[in-house]
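One letter stands for each residue in the lines below.
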Amino acid sequence: MNKKIKTDAVDQLFNAILCLKDQDECYNFFEDLCTVNELLSLSQRFEVASMLRNNNTYLEAPVFSAISR
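1. Some thoughts on a nonpolar patch on the surface
Judged by side-chain polarity, Ile5, Leu13, Phe14 and Leu33 come together as a nonpolar surface patch covering roughly 340 Å² of accessible area. Looking at the element boundaries, Phe14 is found in helix H1 (residues 8–18). The class of Phe14 is partly exposed, set by a relative accessible area of 42%.

Listed below in structure tokens is the structure:
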């Protein structure tokens, strides 16, 4: 864990996310928290991270070129 992000505010954010019960609650929560562009960027970053975790390279990630712009 990166100690730079370990704050009370981040703890509260993560605890709130852990309380979400279903996808509809997630949509409502993140729509209140993020702009549309922020949420789409976050989802793209998550997709790339998932691919990298599965031993793909950045060049193999189809969304990488969109994120790097």
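2. Concerning the pattern of salt bridges
Inspection of the entire model under this criterion finds 1 salt bridge. Notably, a salt bridge pairs Asp11 with Lys6, separated by 2.9 Å at the nearest N-O pair.

3. Focus: the packing of aromatic side chains
By the definition in use, this model includes 1 aromatic pair. For the ring pair Phe29 and Phe30, a centre distance of 5.2 Å and an interplane angle of 85 degrees mean the geometry is edge-to-face.

4. Re the packing of H1 against helix H2 (residues 23–33)
Here H1 crosses H2 at 150 degrees, and the two axes come no closer than 10 Å. One finds that H1 runs roughly antiparallel with respect to H2. When H1 is examined against H2, the residues Leu13, Ala16 and Ile17 are found in contact with a partner set consisting of Phe29, Phe30 and Leu33. Partitioned by chemical class, the residues of the contact of H1 with H2 number 6 nonpolar, no polar and no charged.

What counts, and at which threshold
- Residues numbered from 1 in each chain as written.
- Predicted model: local features only at pLDDT ≥ 70, side-chain atom pairs only at ≥ 80, totals over all residues.
- Heavy atoms only, no water.
- Patch = residues over 30% accessible without salt bridge, like charges linked within 9 Å, V, L, I, M, F, W, Y side chains within 5 Å.
- Areas by Shrake-Rupley, 256 points an atom, 1.4 Å probe, with all protein chains shown as cover.
- Salt bridge = Lys/Arg side-chain N within 4 Å of Asp/Glu carboxyl O.
- Helix = DSSP H or I, 4+ residues; strand = E, 2+ residues; numbered from the N terminus.
- Buried < 20%, exposed > 50% of the residue type's maximum accessible area, 1.4 Å probe, protein only.
- Phe/Tyr/Trp six-rings, centres within 6.5 Å; stacked < 30°, edge-to-face > 60°.
- Axes fitted to C-alpha atoms, helices over the stretch in contact; angles between N-to-C directions.
- Parallel < 35°, antiparallel > 145°, perpendicular 65-115°, else oblique.
- Contact = heavy atoms within 4.5 Å.
- Nonpolar A, V, L, I, M, F, W, Y, C, P; charged D, E, K, R; others polar.

The quantities given are spatial measurements derived from coordinates; they are silent on function.
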